[in-house]
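An overview of the molecular structure
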Amino acid sequence: MCKPEYFGVSYVINPWMQGNINQTTVERATHQWDALLSAVAGLAHVDLIEPQPGLPDMVFTANAGFLFDDTAVVSRFRFAERQGEEAHFERWFRSRRFSVLRMPDDIPFEGAGDALLDRGTLRIWAAWGHRSARTSHDLLAKMLGVEVVSLRLVDARFYHLDTCFCPLDVGYLLYYPPAFDAQSNRMIERLVPSELRIAIDENDALNFACNAINIDSTIIMNKTSAELLQRLHAAGFVVIERDMTEFLKAGGAAKCLTLRVNEPRQHQWMASQTA
Ligand code: ARG
(Lines give C-alpha, C1' and ligand atoms only; values in the text may rest on other atoms or scores of the structure.)
Protein backbone atom coordinates (compact mmCIF):
# COMPACT_ATOMS: atom_id res chain seq x y z
CA MET A 1 0.00 0.00 0.00
CA CYS A 2 1.05 3.64 -0.40
CA LYS A 3 0.20 6.29 2.18
CA PRO A 4 -2.00 9.12 0.78
CA GLU A 5 0.47 11.84 1.77
CA TYR A 6 0.27 13.44 -1.70
CA PHE A 7 -3.18 12.13 -2.65
CA GLY A 8 -5.63 14.48 -4.32
CA VAL A 9 -7.68 15.03 -7.43
CA SER A 10 -5.65 17.40 -9.56
CA TYR A 11 -6.61 16.22 -13.08
CA VAL A 12 -9.46 14.32 -14.70
CA ILE A 13 -8.75 10.94 -16.30
CA ASN A 14 -11.98 9.16 -15.36
CA PRO A 15 -15.61 10.32 -14.87
CA TRP A 16 -15.40 10.10 -11.07
CA MET A 17 -12.76 12.81 -10.97
CA GLN A 18 -14.96 15.23 -12.91
CA GLY A 19 -16.04 18.04 -10.55
CA ASN A 20 -13.80 16.75 -7.76
CA ILE A 21 -10.62 18.72 -8.43
CA ASN A 22 -9.36 19.96 -5.05
CA GLN A 23 -12.39 18.45 -3.28
CA THR A 24 -10.35 15.99 -1.20
CA THR A 25 -8.17 16.56 1.83
CA VAL A 26 -5.09 14.60 2.82
CA GLU A 27 -6.44 14.55 6.36
CA ARG A 28 -9.73 12.82 5.46
CA ALA A 29 -7.97 10.51 3.02
CA THR A 30 -5.39 9.53 5.64
CA HIS A 31 -8.12 8.83 8.17
CA GLN A 32 -9.91 6.45 5.76
CA TRP A 33 -6.68 4.89 4.52
CA ASP A 34 -5.48 4.20 8.09
CA ALA A 35 -8.76 2.41 8.81
CA LEU A 36 -8.32 0.32 5.67
CA LEU A 37 -4.72 -0.45 6.57
CA SER A 38 -5.69 -1.71 10.01
CA ALA A 39 -8.42 -3.93 8.56
CA VAL A 40 -5.99 -5.45 6.04
CA ALA A 41 -3.18 -5.71 8.58
CA GLY A 42 -5.46 -7.83 10.76
CA LEU A 43 -5.49 -10.44 7.98
CA ALA A 44 -2.20 -10.11 6.14
CA HIS A 45 1.26 -8.59 6.34
CA VAL A 46 1.28 -5.15 4.71
CA ASP A 47 4.36 -3.77 2.98
CA LEU A 48 4.51 -0.09 1.98
CA ILE A 49 5.96 1.97 -0.86
CA GLU A 50 7.15 5.52 -0.29
CA PRO A 51 4.63 8.08 -1.70
CA GLN A 52 5.99 10.66 -4.15
CA PRO A 53 5.10 14.35 -4.47
CA GLY A 54 3.35 15.22 -7.72
CA LEU A 55 1.91 11.72 -8.14
CA PRO A 56 -1.51 11.99 -6.45
CA ASP A 57 -2.80 8.65 -7.84
CA MET A 58 0.17 6.62 -6.65
CA VAL A 59 -1.96 5.50 -3.67
CA PHE A 60 -3.72 3.19 -6.13
CA THR A 61 -1.04 0.52 -6.01
CA ALA A 62 -3.24 -2.02 -7.82
CA ASN A 63 -2.09 -0.19 -10.92
CA ALA A 64 1.61 -0.73 -10.21
CA GLY A 65 1.77 -3.89 -12.24
CA PHE A 66 0.58 -7.45 -12.51
CA LEU A 67 2.34 -9.92 -10.26
CA PHE A 68 2.53 -13.63 -10.73
CA ASP A 69 4.98 -16.02 -9.16
CA ASP A 70 8.21 -14.03 -8.89
CA THR A 71 7.50 -11.95 -12.00
CA ALA A 72 6.24 -8.39 -12.06
CA VAL A 73 4.83 -7.02 -15.30
CA VAL A 74 5.17 -3.29 -14.67
CA SER A 75 2.34 -1.04 -15.79
CA ARG A 76 2.53 1.25 -18.75
CA PHE A 77 -0.09 3.91 -18.00
CA ARG A 78 -2.35 5.23 -20.75
CA PHE A 79 -2.30 8.80 -19.43
CA ALA A 80 0.83 10.92 -19.00
CA GLU A 81 -0.50 12.06 -15.61
CA ARG A 82 0.30 8.64 -14.13
CA GLN A 83 3.34 7.60 -16.15
CA GLY A 84 5.68 9.10 -13.56
CA GLU A 85 4.62 6.32 -11.17
CA GLU A 86 6.08 3.57 -13.35
CA ALA A 87 9.74 4.04 -12.35
CA HIS A 88 8.90 4.12 -8.63
CA PHE A 89 6.88 0.93 -8.80
CA GLU A 90 9.55 -0.75 -10.92
CA ARG A 91 12.21 0.15 -8.36
CA TRP A 92 10.06 -1.28 -5.57
CA PHE A 93 9.55 -4.57 -7.47
CA ARG A 94 13.29 -4.87 -8.05
CA SER A 95 14.03 -4.15 -4.39
CA ARG A 96 11.72 -7.05 -3.49
CA ARG A 97 13.54 -9.36 -5.93
CA PHE A 98 10.84 -9.65 -8.54
CA SER A 99 12.02 -10.22 -12.07
CA VAL A 100 10.63 -7.26 -13.93
CA LEU A 101 9.03 -7.38 -17.36
CA ARG A 102 7.64 -4.42 -19.31
CA MET A 103 5.03 -4.01 -22.00
CA PRO A 104 6.25 -2.21 -25.15
CA ASP A 105 5.99 1.58 -24.66
CA ASP A 106 3.09 1.95 -27.07
CA ILE A 107 0.92 -0.69 -25.38
CA PRO A 108 -0.93 0.61 -22.32
CA PHE A 109 -1.40 -1.90 -19.54
CA GLU A 110 -2.59 -0.89 -16.06
CA GLY A 111 -1.58 -3.90 -13.99
CA ALA A 112 -3.87 -5.42 -11.39
CA GLY A 113 -6.41 -2.68 -12.14
CA ASP A 114 -7.15 -4.45 -15.42
CA ALA A 115 -5.87 -8.00 -14.90
CA LEU A 116 -7.06 -10.28 -12.12
CA LEU A 117 -6.33 -13.90 -11.26
CA ASP A 118 -9.31 -16.18 -10.91
CA ARG A 119 -9.41 -17.73 -7.41
CA GLY A 120 -10.84 -21.10 -8.44
CA THR A 121 -8.78 -22.01 -11.48
CA LEU A 122 -5.51 -20.91 -13.03
CA ARG A 123 -6.71 -18.11 -15.32
CA ILE A 124 -6.20 -14.38 -15.73
CA TRP A 125 -9.21 -12.21 -16.48
CA ALA A 126 -8.09 -9.06 -18.29
CA ALA A 127 -9.98 -6.02 -19.54
CA TRP A 128 -9.64 -3.58 -22.40
CA GLY A 129 -11.76 -0.72 -23.64
CA HIS A 130 -10.69 2.22 -21.49
CA ARG A 131 -7.13 1.89 -20.19
CA SER A 132 -5.25 -1.29 -21.08
CA ALA A 133 -4.87 -2.16 -24.75
CA ARG A 134 -6.36 -5.41 -25.98
CA THR A 135 -2.98 -6.31 -27.44
CA SER A 136 -1.52 -6.32 -23.91
CA HIS A 137 -3.50 -9.47 -23.15
CA ASP A 138 -1.71 -11.73 -25.63
CA LEU A 139 1.61 -10.38 -24.46
CA LEU A 140 0.68 -11.02 -20.82
CA ALA A 141 -0.32 -14.61 -21.64
CA LYS A 142 3.01 -15.17 -23.41
CA MET A 143 5.08 -13.56 -20.65
CA LEU A 144 3.49 -15.62 -17.89
CA GLY A 145 2.41 -18.77 -19.67
CA VAL A 146 -1.11 -18.47 -18.26
CA GLU A 147 -4.44 -18.36 -20.11
CA VAL A 148 -5.81 -14.82 -20.37
CA VAL A 149 -9.51 -14.22 -20.99
CA SER A 150 -10.15 -10.81 -22.58
CA LEU A 151 -13.19 -8.88 -21.43
CA ARG A 152 -14.41 -5.64 -23.00
CA LEU A 153 -15.48 -2.79 -20.73
CA VAL A 154 -18.22 -0.54 -22.13
CA ASP A 155 -19.27 1.88 -19.34
CA ALA A 156 -16.85 4.76 -18.70
CA ARG A 157 -17.69 4.79 -14.99
CA PHE A 158 -16.20 1.30 -14.76
CA TYR A 159 -12.96 2.01 -16.56
CA HIS A 160 -10.77 -0.58 -14.81
CA LEU A 161 -11.65 -4.26 -14.44
CA ASP A 162 -11.35 -4.06 -10.66
CA THR A 163 -14.13 -1.46 -10.50
CA CYS A 164 -16.72 -3.99 -11.70
CA PHE A 165 -15.26 -7.51 -11.40
CA CYS A 166 -13.84 -9.30 -8.39
CA PRO A 167 -12.84 -12.98 -8.36
CA LEU A 168 -13.42 -14.35 -4.85
CA ASP A 169 -12.07 -17.28 -2.89
CA VAL A 170 -12.55 -20.74 -4.34
CA GLY A 171 -14.02 -19.50 -7.59
CA TYR A 172 -16.87 -17.15 -6.74
CA LEU A 173 -17.20 -14.06 -8.90
CA LEU A 174 -18.61 -10.73 -7.75
CA TYR A 175 -19.36 -8.56 -10.79
CA TYR A 176 -21.54 -5.95 -12.47
CA PRO A 177 -22.65 -7.41 -15.83
CA PRO A 178 -23.71 -4.12 -17.57
CA ALA A 179 -20.10 -2.91 -17.43
CA PHE A 180 -19.22 -5.54 -20.06
CA ASP A 181 -20.31 -6.05 -23.66
CA ALA A 182 -22.62 -8.94 -24.56
CA GLN A 183 -19.86 -11.20 -25.82
CA SER A 184 -17.84 -10.77 -22.61
CA ASN A 185 -20.93 -11.54 -20.55
CA ARG A 186 -21.46 -14.74 -22.51
CA MET A 187 -17.85 -15.71 -21.92
CA ILE A 188 -18.15 -15.09 -18.16
CA GLU A 189 -21.36 -17.15 -18.05
CA ARG A 190 -19.70 -19.97 -19.95
CA LEU A 191 -16.59 -20.07 -17.73
CA VAL A 192 -18.10 -19.42 -14.29
CA PRO A 193 -20.93 -21.72 -13.14
CA SER A 194 -24.12 -19.81 -12.29
CA GLU A 195 -24.03 -20.85 -8.61
CA LEU A 196 -20.66 -19.09 -8.29
CA ARG A 197 -21.68 -15.84 -10.00
CA ILE A 198 -22.77 -12.98 -7.73
CA ALA A 199 -24.06 -10.29 -10.09
CA ILE A 200 -24.68 -6.97 -8.38
CA ASP A 201 -26.98 -4.05 -9.18
CA GLU A 202 -26.06 -0.51 -10.18
CA ASN A 203 -26.43 0.87 -6.67
CA ASP A 204 -23.85 -1.54 -5.21
CA ALA A 205 -21.64 -1.12 -8.28
CA LEU A 206 -21.61 2.67 -7.84
CA ASN A 207 -20.59 2.15 -4.22
CA PHE A 208 -17.58 0.21 -5.57
CA ALA A 209 -18.72 -3.10 -4.05
CA CYS A 210 -16.65 -4.94 -6.66
CA ASN A 211 -13.54 -3.00 -5.67
CA ALA A 212 -13.16 -5.40 -2.78
CA ILE A 213 -10.18 -6.96 -1.03
CA ASN A 214 -10.70 -10.66 -0.48
CA ILE A 215 -8.47 -12.47 1.98
CA ASP A 216 -9.65 -16.03 2.57
CA SER A 217 -13.30 -15.74 3.63
CA THR A 218 -13.13 -12.02 4.50
CA ILE A 219 -14.11 -9.26 2.09
CA ILE A 220 -13.25 -5.61 2.74
CA MET A 221 -15.21 -3.04 0.75
CA ASN A 222 -16.46 0.54 0.85
CA LYS A 223 -20.13 -0.28 1.32
CA THR A 224 -22.64 -3.03 0.65
CA SER A 225 -26.44 -3.11 0.46
CA ALA A 226 -28.26 -5.37 2.91
CA GLU A 227 -29.22 -7.62 0.01
CA LEU A 228 -25.66 -8.08 -1.23
CA LEU A 229 -24.43 -8.60 2.31
CA GLN A 230 -26.91 -11.41 2.73
CA ARG A 231 -25.84 -13.07 -0.52
CA LEU A 232 -22.18 -12.85 0.45
CA HIS A 233 -22.97 -14.36 3.86
CA ALA A 234 -24.83 -17.19 2.15
CA ALA A 235 -21.71 -17.87 0.09
CA GLY A 236 -19.66 -18.09 3.29
CA PHE A 237 -18.03 -14.64 3.35
CA VAL A 238 -17.67 -12.13 6.16
CA VAL A 239 -17.80 -8.49 5.06
CA ILE A 240 -15.91 -5.59 6.62
CA GLU A 241 -17.07 -2.14 5.47
CA ARG A 242 -14.60 0.75 5.43
CA ASP A 243 -15.65 4.19 4.24
CA MET A 244 -13.59 5.00 1.14
CA THR A 245 -15.56 8.03 -0.07
CA GLU A 246 -12.54 10.30 -0.24
CA PHE A 247 -10.94 7.90 -2.74
CA LEU A 248 -14.17 7.44 -4.70
CA LYS A 249 -13.70 11.08 -5.78
CA ALA A 250 -10.63 9.88 -7.68
CA GLY A 251 -12.39 6.78 -9.00
CA GLY A 252 -10.99 4.22 -6.61
CA ALA A 253 -11.82 2.38 -3.39
CA ALA A 254 -10.54 -0.42 -1.16
CA LYS A 255 -9.08 -2.95 -3.58
CA CYS A 256 -7.22 -0.55 -5.82
CA LEU A 257 -5.46 0.92 -2.78
CA THR A 258 -3.75 -2.46 -2.45
CA LEU A 259 -1.67 -4.83 -4.52
CA ARG A 260 -1.35 -8.45 -3.50
CA VAL A 261 2.31 -9.37 -3.83
CA ASN A 262 2.26 -13.06 -2.94
CA GLU A 263 0.28 -14.45 -5.84
CA PRO A 264 0.70 -18.22 -5.85
CA ARG A 265 3.56 -19.77 -7.69
CA GLN A 266 2.44 -21.89 -10.57
CA HIS A 267 3.87 -25.12 -9.23
CA GLN A 268 2.22 -24.52 -5.85
CA TRP A 269 -1.00 -23.97 -7.69
CA MET A 270 -0.65 -27.21 -9.59
CA ALA A 271 0.27 -29.08 -6.41
CA SER A 272 -2.77 -27.76 -4.55
CA GLN A 273 -4.99 -28.85 -7.43
CA THR A 274 -3.72 -32.42 -7.38
CA ALA A 275 -3.43 -32.74 -3.59
N1 ARG B 1 -7.55 8.24 -10.51
C2 ARG B 1 -7.04 6.92 -10.77
C3 ARG B 1 -7.06 6.65 -12.26
O4 ARG B 1 -7.96 7.11 -12.92
C5 ARG B 1 -7.83 5.89 -10.03
C6 ARG B 1 -7.31 4.49 -10.19
C7 ARG B 1 -8.09 3.47 -9.46
N8 ARG B 1 -7.47 2.21 -9.65
C9 ARG B 1 -8.09 1.08 -9.94
N10 ARG B 1 -7.37 0.00 -10.07
N11 ARG B 1 -9.38 1.03 -10.15
O12 ARG B 1 -6.20 6.01 -12.81
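Anyway, here's the lowdown on the structure attached to this text. What you see is a predicted model, and the numbers here were worked out from it, not measured in a lab.

**Here we look at unusual backbone geometry**
Excluding glycine, most residues fall at negative phi; most peptide bonds, likewise, are trans. Positioned with a positive phi, Asn-22 is a non-glycine residue whose angle comes to about 60°. Note that Asn-22 resides in the segment before helix H1 (26–41). If you check the backbone angles, Asp-69 has positive phi at about 60° while not being a glycine.

**Digging into the pairing of strand S1 (residues 65–68)**
The side-chain alternation of S1 yields two buried faces, one formed by Gly-65 and Leu-67 and the other by Phe-66 and Phe-68. In this structure, S1 lies alongside strand S2 (residues 71–74), joined through 4 bridges in antiparallel fashion. Note that in S2 the partner of Gly-65 across the bridge is Val-74. Counting the residues between successive antiparallel strands, the hairpin from S1 to S2 contains 2 residues, one of them, Asp-69, with a positive phi of roughly 60°.

**A word on the environment of Asp-118**
If you trace the backbone, Asp-118 turns up in the loop between strand S4 (115–117) and strand S5 (124–128). Taking the C-alpha atoms as reference points, Asp-118 and Leu-173, 55 residues apart in sequence, are found 8.4 Å from one another. For Asp-118, the residues in contact, after removing those within four places along its chain, are Arg-123, Trp-125, Pro-167 and Gly-171. At 2.8 Å, the side chain of Asp-118 and the side chain of Trp-125 are in polar contact.

**Observations concerning the site of the ligand**
In the vicinity of the ligand lie 16 residues, with Asn-14, Arg-82, Arg-131, Asp-162 and Ala-250 positioned nearest. The contact in question runs from a nitrogen atom of the ligand to an N or O atom on the side chain of Asp-162, over 2.8 Å. Surface burial for the ligand is 100%, taken as the share of its 350 Å² of free accessible area covered by protein chains. Among the residues making up the shell around the ligand, the classes are represented as 6 nonpolar, 6 polar and 4 charged.

**Here we look at the side chain of Gln-32**
Note that Gln-32 resides in helix H1. Take Gln-32: its relative accessible area is 9%, and that puts it in the buried class. Among all residues touching Gln-32, those that are not within four sequence positions of it are Asp-243, Met-244, Thr-245, Glu-246 and Phe-247.

**A few points about the sheet that holds strand S9 (residues 197–199)**
Taken in spatial order, the 3 strands make up an open sheet running S7-S8-S9, and their pairing is mixed. If you trace the sheet from one side to the other, it starts and ends with strand S7 (165–167) and S9, each paired once. Ignoring which end each strand starts from, the neighbouring axes of this sheet average 15° apart. Docked against the sheet, helix H7 (residues 226–234) engages strand S8 (173–175) and S9, running at close to 175° with respect to S9.

**Looking at the environment of Asn-214**
Along the polypeptide, Asn-214 turns up in strand S10 (residues 213–215). Along the primary structure Asn-214 and Ala-39 are separated by 175 residues, whereas in three dimensions their C-alpha atoms are 11 Å apart. Here Asn-214 is in contact with Pro-167, Leu-168, Asp-169, Ile-219 and Phe-237, once residues within four sequence places are set aside. A distance of 2.7 Å separates the side chain of Asn-214 from the backbone oxygen of Asp-216, its partner in a polar contact. Here the side chain of Asn-214 touches Thr-218 through a polar contact of 3.0 Å, landing on its backbone oxygen.

What counts, and at which threshold
Residues numbered from 1 in each chain as written. Predicted model: local features only at pLDDT ≥ 70, side-chain atom pairs only at ≥ 80, totals over all residues. Heavy atoms only, no water. Helix = DSSP H or I, 4+ residues; strand = E, 2+ residues; numbered from the N terminus. Buried < 20%, exposed > 50% of the residue type's maximum accessible area, 1.4 Å probe, protein only. Pairing = 2+ DSSP bridges. Contact = heavy atoms within 4.5 Å. Polar contact = N/O pair within 3.5 Å; in protein donor to acceptor, adjacent residues only side chain to side chain. Near = heavy atom within 4 Å. Areas by Shrake-Rupley, 256 points an atom, 1.4 Å probe, with all protein chains shown as cover. Nonpolar A, V, L, I, M, F, W, Y, C, P; charged D, E, K, R; others polar. Axes fitted to C-alpha atoms, helices over the stretch in contact; angles between N-to-C directions.

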